[in-house]
Protein chains: 2
Amino acid sequence: MAAWGERLAGVRGVLLDISGVLYDGGEGGGAAIAGSVEAVARLKRSRLKVRFCTNESQKSRGDLVRLLQRLGFDISEGEVTAPAPATCLILKERGLRPHLLVHDGVRSEFDQIDTSNPNCVVVADAGEGFSYQNMNKAFRVLMELENPVLFSLGKGRYYKETSGLMLDVGPYMKALEYACGIEAEVVGKPSPEFFKSALREMGVDASQAQ
Amino acid sequence: MAAWGERLAGVRGVLLDISGVLYDGGEGGGAAIAGSVEAVARLKRSRLKVRFCTNESQKSRGDLVRLLQRLGFDISEGEVTAPAPATCLILKERGLRPHLLVHDGVRSEFDQIDTSNPNCVVVADAGEGFSYQNMNKAFRVLMELENPVLFSLGKGRYYKETSGLMLDVGPYMKALEYACGIEAEVVGKPSPEFFKSALREMGVDASQAQ
């Protein structure tokens with residue numbers, strides 16, 4: 001315990017991952033990981049600021065938070081940094097209209113975004129949506145652009161569900177990169193920009209976070 | 001014509017690609033590319049040896065040759081070097097039992113191969129077979145192996161069908177490589193071994209081929 005005390009000296013805030021840390025997804029929504037509900041509660045009772053930073057891109061922030069609340073977590077939507085809302089900000093800033101290769105569960109995050117006559121592609125963890133037809137459609141959109149722009153919501157290799165390992169968005173990002181000879185812009189962890197935005201939202205410097 | 005004569009001086013054999021060179025695939029089997037039927041006929045009337053070297057991995061060699069014959073080409077099964085039969089030789093040599101992520105059209109090439117209790121994965125241009133479920137199955141097989149071995153029948157980025165561009169096996173090979181942190185063994189072009197086997201079958205040295 002002394003070691004932890006030393007390590008946390010000067011720390012003002014904690015960024016917590018969600019999938020695989022607080023809960024494992026799966027049938028019926030998934031299950032809380034043992035001890036995590038109480039750990040979040042203890043952190044919130046402490047002097048530390050707490051924020052949740054996830055690459056979850058199958059669900060909207062609202063759906064994710066409702067699921068976690070149902071599993072017993074003390075969490076609200078405003079405490080979560082997620083790649084879909086961050087991507088919407090970038091799309092608006094740069095005037096880009098995306099073709100979306102995303103899970104139906106996260107599509108509502110893009111409701112305010114113009115998707116007509118697309119001039120970029122956004123790929124997220126689409127799960128079963130990663131059909132050959134959907135991949136080929138995204139590929140063709142990119143190949144028809146003079147300057148193909150591909151955003152990937154995270155670049156995870158795989159994640160664990162209660163049923164076993166599942167391919168994440170990263171392998172499909174790599175597939176499109178290779179097919180088109182381009183490099184994707186990753187929105188989400190491990191992009192430093194993404195961590196910084198989470199810290200900004202928490203009001204903590206990088207040197208003060210764990 | 002003089003330039004061609006000079007370029008062909010010392011050349012004894014010609015390796016011809018098939019997809020995108022002799023014909024474009026598509027609905028109803030596809031269509032011969034203008035002039036290619038006559039070009040093959042002229043080469044066969046010449047003093048040059050002719051062999052066909054393809055990365056086609058959606059069809060068995062027999063089906064491919066029957067299609068080309070129907071389009072008017074003078075071609076027989078014994079004149080074709082293709083990755084599926086080459087892969088079968090490697091699997092037998094190394095005592096490997098593959099999990100097959102391949103198109104139904106090419107599955108018959110593996111009829112003599114033991115696929116029980118797989119200890120490697122073979123990926124080919126599976127087309128619509130590249131569903132999330134099938135990709136995840138291949139991924140899980142690889143992750144359960146102590147030494148994951150992945151064979152890819154070619155590594156093409158995409159090819160042209162009469163309906164437009166189509167993702168080839170390469171992007172899906174890259175996806176599995178990234179997911180598992182491994183490198184695939186490519187059987188097919190541009191692997192030098194594959195070209196050499198085609199030349200051996202033609203009885204011509206690399207220096208004498210075009």
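Computed from a predicted model, the values in this text were never measured in an experiment.

**Student:** Is there a simple way to think about the interface of chain B and chain A in this case?
**Tutor:** It is common to report an interface's size as the accessible area lost on association of the parts. Between chain B and chain A, the residue contacts involve 29 residues of the former and 29 residues of the latter. Roughly 2700 Å² of surface becomes buried between chain B and chain A when both sides are summed, with 63% attributable to carbon and sulfur atoms. Per-residue buried area on chain B facing chain A is highest for Tyr132, Leu167 and Tyr178 of chain B; these three make up 32% of the total on that side. Scanning the region where chain B abuts chain A turns up 0 salt bridges.

**Student:** Explanation requested: the pairing of strand β4 (residues 49-53) of chain B in the structure shown.
**Tutor:** Within a regular beta strand, the side chains point alternately toward one face of the sheet and then the other, so they alternate between its two faces. All names here are of chain B. Here β4 lies mainly inside the structure; 4 of its 5 residues are buried. Inspection of the sheet shows strand β1 (residues 13-16) paired to β4 by 4 bridges, in the parallel sense. Within β4, the residue paired with Leu15 across the bridge is Arg51. Taken together, the 2 bridges between β4 and strand β5 (residues 80-81) define a ladder with parallel strand orientation.

**Student:** Looking at this structure, how should I read the domain arrangement of chain A?
**Tutor:** All names here are of chain A. As assigned here, chain A comprises domain 1 (12-82 + 191-208) and domain 2 (83-187). Inter-centroid distance (C-alpha atoms) of domain 1 to domain 2 is 23 Å. Between domain 1 and domain 2, the residue contacts involve 16 residues of the former and 21 residues of the latter. Interface of domain 1 and domain 2: buried area, both sides summed, is about 1400 Å²; carbon and sulfur atoms make up 50% of it.

**Student:** Honestly, the nonpolar core in this entry has me stumped. Any pointers?
**Tutor:** Across soluble globular proteins, nonpolar side chains show a tendency to be buried alongside one another. The biggest cluster of nonpolar side chains holds 47 residues, and the ones touching the most others in it are Phe130 and Met135 of chain A together with Phe130 and Met135 of chain B. For this core, the elements supplying multiple residues, two or more each, are β7 (120-123), α5 (132-143), β10 (164-167) and α6 (169-180) of chain A together with β7 (120-123), α5 (132-143), β10 (164-167) and α6 (169-180) of chain B. Once residues lying within four places of it in the same chain are set aside, the contact partners of Phe130 of chain A are Leu101, Val123, Ala124, Asp125, Met135, Val169 and Tyr172 of chain A together with Phe130, Ser131 and Tyr132 of chain B. With 24 residues, the next largest nonpolar core counts Ile113, Val122, Phe151 and Val204 of chain B among its residues.

**Student:** Help me understand the sheet that holds strand β5 (residues 80-81) of chain A in this model?
**Tutor:** In any sheet, the strands associate via hydrogen bonds between backbone groups, in a parallel or an antiparallel arrangement. Residue and element names in this part refer to chain A. The 3 strands are arranged β1-β4-β5 in an open sheet whose pairing can be described as parallel. In the strand order of this sheet, the two ends are held by β1 (13-16) and β5, each with one partner. Running at roughly 145 degrees to strand β4 (residues 49-53), helix α7 (residues 192-202) makes contact with β1, β4 and β5 of the sheet.

**Student:** Teacher, can you tell me more about the relation of the copies chain B and chain A here?
**Tutor:** To go from the first copy of the chain to the second, apply a rotation about an axis and then a shift along the same axis. Superposing chain B onto chain A takes a rotation of 180 degrees combined with a translation of 0.0 Å along the rotation axis, leaving an RMSD of 0.0 Å. The symmetry that links the two subunits is that of a two-fold axis. Residue Ser131 of chain B, judged by its C-alpha, is the member of chain B lying nearest the rotation axis, at 2.4 Å. Taken as a fraction of all interface residues of chain B, those also at the interface in chain A reach 100%, which identifies the copy contact as same-surface.

**Student:** Help me out: how do you make sense of helix α3 (residues 61-70) of chain A in this one?
**Tutor:** One turn of an α-helix holds 3.6 residues; hence residues three or four places apart share an orientation. Residues and elements named next belong to chain A. Here α3 has its buried residues at Gly62, Leu64, Val65, Leu67 and Leu68. Next to the buried residues of α3 lie β2 (23-24) and β5. Once α3 finishes, Gly72 follows within two positions and takes phi at roughly 110 degrees, a positive value.

Cut-offs used in this document
Throughout, residues of each chain are indexed from 1 in the direction in which the sequence is written. Just so you know, chain letters begin at A and ligand numbers begin at 1, following the order they were written in. Totals for whole chains, interfaces and linings use all residues, but because this is a predicted model, local features are given only for residues with pLDDT of at least 70 and pairs of side-chain atoms are given and counted only at 80 or more. Working from all heavy atoms in the structure, the side-chain values ignore hydrogens and water. Residues are treated as being in contact if the distance between any of their heavy atoms lies within 4.5 Å. Accessible area that two parts lose when put together, with a 1.4 Å probe and added across both, is what the buried area reports. Just to be clear on terms, a salt bridge is a Lys or Arg side-chain nitrogen sitting within 4 Å of an Asp or Glu carboxyl oxygen. Per-residue accessibility, obtained with a 1.4 Å probe over protein chains only, is compared with the maximum for each type, and a residue is labelled buried under 20%, exposed over 50%, and partly exposed between these values. Runs of H or I in DSSP of at least four residues are treated as helices and runs of E of at least two as strands, each being numbered from the N terminus. Here, strands pair whenever DSSP counts at least two bridges between them. The domain boundaries here were taken from an automatic or database domain assignment. In this description, a nonpolar core means a group of buried Ala, Val, Leu, Ile, Met, Phe, Trp, Tyr and Cys residues linked to one another through side-chain atoms lying within 4.5 Å. For helices, the fitted axis covers only the stretch in contact; all axes are lines through C-alpha atoms, and the angles between them, taken along N-to-C directions, range from 0 to 180 degrees. Here the copies are superposed with least squares, the fitted atoms being C-alpha atoms of residues at a pLDDT of at least 70 in both.

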